Amino acid sequence: MLWTYLITGAVALVVLLILFRMVWRVAEPNEALIISGLGAHSSQEQINETLGFKIVVGRGTAVLPGFQTVRRLPLDIRATPLTVTCVSSQGIPLHIKGVTAYKVGDDYGSIANAARRFLEQSDEQVMSTIHELFAGHLRAIVGSTTVEEMLHDRETLTTNIRGSLAGDMEKLGLVVDSLQIQEIDDESGYIKNLGRPQAAAVEAAARIAWAERDREATEREQVAEAAKAAAVRQSSIARAGYQAEVDQANSKASQSGPLAEALARQEVVVAETETAKLNASLAEKQLESSVLKPADAEAYRQRALAAAARDAQIAGAEAQAREVTLRGEAQAKATELNGKAEALAVQAKAMAEAAGIKARAEALATNTDAVVAQQLAEAYPEIVRAAASSFEKVGNMVVLNGAQGIEDTLVKTITMGGSGFALAKQLIESLSSNGKTPTLEAVPDDTPA
């Protein structure tokens, strides 16, 4: 059952689509649909009058088959050639050729007017109608215009024609897009004769121009010929100069050996001269370096030495004078100091001797043996020397009993010197009683032992 419903629905949809396709009409951008029949009336919004048909532009609409009829009115541009025989205001017959481009107006009123007049006509019928309409207005305009005005101002001619056609074209629902006058001709030769003065003037100007150009060409040719001759002369001179240079070069080449030798010798002489100058300059520099500068240095040294010697002599003399002065002062001072020292020494010696005498006297008074012993001790070396002198003249001495004998001999000799101890004591005591300080002196004995 479901499949039946689906199939039935699909069939119904297909039938609806077919029916819609059959009744629906769409206007192309370059056409208008004119629908007439049952219920086909234009609205007041489209035009100011009620029409017995409906205009559809740029959209789709439903058309009831059998009850309504739809027709298509082209809105695209069309062109119609114009060939008109007319007479100018001067009575001159003219043949005018041109072309006009027209189309149905875009507003609903123009479409309605064109639909009423051209809907069922063919293109040829429409073009014939337009041609006759243009021809009539063109004859009227040309009849009030001179040939000169038409030739010199075609723009005004076309403007006048379009202005004259505007009312009739509006009634037909047409609009002129373009109108061009391509050719204006006459059989009498009026237009040709009009152009003859200009043509003559142009021809004269052309001839004059040609003559001027010919003259200029001739002058330029002469200038070119002169330049050519000058170029030939210059070329000949240049060739002669080149030949002279070649000959000179050949001559120089033939004498190149001696000339080269002479030039080389000249260069050698110049080089030797420069060398001599350099040597002289070098010798001068060497003389200046080895003689003049050392001489100047030696002279400066001698002057410096002389000045130093002079300064040294002056300083030496001043030093000697100073030395003499100081030496005299020192000697005087030394003499003074020596005198003072000698006086002090004499005084001190005297005082010391007095003190010694006093001390010995006191010691002798208290201890005579000690004083004698001291005097003997002080004079003992002399005593021993005096004892030994007794052996000086002995040539050979025979000592018996070996070392013991030598020791005994020495003891006896020394004790011989001490035998006078008692005598010395007596002498000291006697002298002390007299207030004198005894002294012992060693007297050498010359008597042979």
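Computed from a predicted model, the values in this text were never measured in an experiment.

Participant: I tried to follow the overall build of the chain on my own but got confused; where do I start?
Facilitator: Each helix and strand in the chain was counted, giving 10 helices and eight strands. Here the chain holds 449 residues, and 18% of them are scored as buried. Long-range contacts, defined as pairs at least 24 residues apart, comprise 72% of the intrachain contacts of the chain with a sequence gap of at least 6. Accessible area of the chain: about 31,300 Å², with a carbon and sulfur share of 59%.

Participant: Whenever I open this one, the sheet that holds strand β8 (residues 174–185) confuses me. Can you help?
Facilitator: Working definition: the strands of a sheet are paired by backbone hydrogen bonds and lie parallel or antiparallel to each other. If you trace the three strands from one edge of the open sheet to the other, you get β6-β7-β8, paired in antiparallel fashion. If you trace the sheet from one side to the other, it starts and ends with β6 (78–87) and β8, each paired once. Mean inter-strand twist for the sheet, computed between neighbouring axes without regard to direction, equals 25 degrees. The pairing of β6 with strand β7 (residues 93–104) spans 10 bridges and is antiparallel. The residue bridging Arg78 from the neighbouring strand is Tyr102, located in β7. Of the strands in this sheet, β7 and β8 are in contact with helix α5 (residues 154–172), which crosses β8 at around 145 degrees.

Participant: How should the sheet that holds strand β2 (residues 31–37) be read in this particular structure?
Facilitator: Pairing is antiparallel in the open sheet, where three strands are placed in the order β3-β2-β5. Across the chains shown, the open sheet's two edge strands, defined by having one partner strand only, are β3 (53–57) and β5 (68–74). Neighbour-to-neighbour, the strand axes of the sheet open up by a mean angle of 25 degrees, direction not taken into account. Strand direction decides the pairing type here: β2 and β3, joined by five bridges, are antiparallel. By the bridge assignment for β3, Ala32 is matched with Val57.

Participant: Help me understand the pattern of salt bridges, please; the structure alone is not making it clear to me.
Facilitator: Where side chains of opposite charge bring their charged atoms close, a pairing between them can arise. Following the criterion strictly, the structure yields five salt bridges and no others. Across the salt bridge formed by Glu31 and Arg72, the nearest N and O atoms sit 2.4 Å from each other. Note that Glu31 is positioned in strand β2 and Arg72 in strand β5, a separation of 41 residues in sequence. Connected via shared salt-bridge partners are Glu212, Arg215 and Glu219.

Participant: Would you mind going over a nonpolar patch on the surface with me for this structure?
Facilitator: A cluster of nonpolar side chains, namely Leu2, Trp3, Leu6, Ile7, Val11, Val14, Val15, Leu16, Ile18, Leu19 and Met22, defines an oily patch on the protein surface of about 1,100 Å² accessible area. By the secondary structure assignment, Leu16 is in helix α1 (residues 2–23). Leu16 sits in the exposed class, given a relative accessible area of 55%.

Participant: Help me understand the side chain of Thr80 in this model?
Facilitator: Residue position: Thr80 is located in strand β6. With relative accessibility at 2%, the residue Thr80 sits in the buried group.

Participant: How should the packing of helix α3 (residues 123–143) against α5 be read in this particular structure?
Facilitator: Helix-helix packing is described using two parameters, namely the angle between the two axes and the distance between the axes. Contact geometry for α3 and α5: axes closest at 9 Å, N-to-C directions at 140 degrees. By the criterion of interaxial angle, the relationship of α3 to α5 is oblique. Pair α3 / α5 crosses with right-handed handedness. Contact with α3, carried on its side by Ile130, Leu133, Phe134, His137, Leu138, Ile141 and Val142, involves Leu157, Asn160, Ile161, Ser164, Leu165, Asp168, Met169 and Leu172 of α5 and no other residues of that element.

Participant: When you look at the packing of helix α2 (residues 108–118) against α5 in this model, what are you seeing that I'm missing?
Facilitator: Direction vectors running N to C along α2 and α5 enclose 75 degrees, while the axes themselves pass 6 Å from each other. Overall, the two elements α2 and α5 adopt an arrangement that is roughly perpendicular. Mapping the contact onto sequence places Asn113, Ala114, Arg117 and Phe118 in α2 and Glu170, Lys171 and Leu172 in α5. Across the contact of α2 with α5, the residue classes break down as three nonpolar, one polar and three charged.

Participant: Explain the side chain of Glu31 to me, please; I cannot follow it from the model alone.
Facilitator: Exposure remark for Glu31: the relative accessible area of 11% places this residue in the buried category. Within polar-contact distance, the side chain of Glu31 engages the backbone nitrogen of Glu28 at 3.0 Å. Only 2.4 Å separates the side chain of Glu31 from the side chain of Arg72, close enough to count as a polar contact. The contact partners of Glu31, leaving out residues within four places of it in the chain, are Val26, Val57, Arg72, Leu73, Pro74 and Leu75.

Participant: Would you explain α3 in this entry?
Facilitator: Note that an α-helix has 3.6 residues per turn; residues three or four places apart therefore point the same way. With 21 residues, α3 should reach 30 Å at 1.5 Å per residue; the first-to-last C-alpha distance of 30 Å fits that figure. Every buried residue belonging to α3 is among Val126, Ile130, Leu133, Phe134, Ala135, His137, Leu138, Ile141 and Val142, and all of these are buried. For α3, the elements touching its buried residues are β6, β7, α2, α4 (147–152), α5 and β8.

Participant: Hey, could you run me through the environment of Arg25 in this one?
Facilitator: Mapped onto the fold, Arg25 is located in strand β1 (residues 24–26). Exposure remark for Arg25: the relative accessible area of 26% places this residue in the partly exposed category. Arg25 sits 45 residues away from Val70 along the chain, and the two C-alpha atoms are 8.4 Å apart. Non-local contacts of Arg25, meaning those with residues more than four positions away in its chain, are made with Leu33, Arg59, Gly60, Thr61, Val63, Val70 and Arg72.

Definitions and cut-offs
Residues numbered from 1 in each chain as written. Predicted model: local features only at pLDDT ≥ 70, side-chain atom pairs only at ≥ 80, totals over all residues. Heavy atoms only, no water. Helix = DSSP H or I, 4+ residues; strand = E, 2+ residues; numbered from the N terminus. Buried < 20%, exposed > 50% of the residue type's maximum accessible area, 1.4 Å probe, protein only. Contact = heavy atoms within 4.5 Å. Areas by Shrake-Rupley, 256 points an atom, 1.4 Å probe, with all protein chains shown as cover. Pairing = 2+ DSSP bridges. Axes fitted to C-alpha atoms, helices over the stretch in contact; angles between N-to-C directions. Salt bridge = Lys/Arg side-chain N within 4 Å of Asp/Glu carboxyl O. Patch = residues over 30% accessible without salt bridge, like charges linked within 9 Å, V, L, I, M, F, W, Y side chains within 5 Å. Parallel < 35°, antiparallel > 145°, perpendicular 65-115°, else oblique. Left-handed = near helix turned anticlockwise from the far one by under 90°. Nonpolar A, V, L, I, M, F, W, Y, C, P; charged D, E, K, R; others polar. Polar contact = N/O pair within 3.5 Å; in protein donor to acceptor, adjacent residues only side chain to side chain. Expected span 1.5 Å × (residues − 1).

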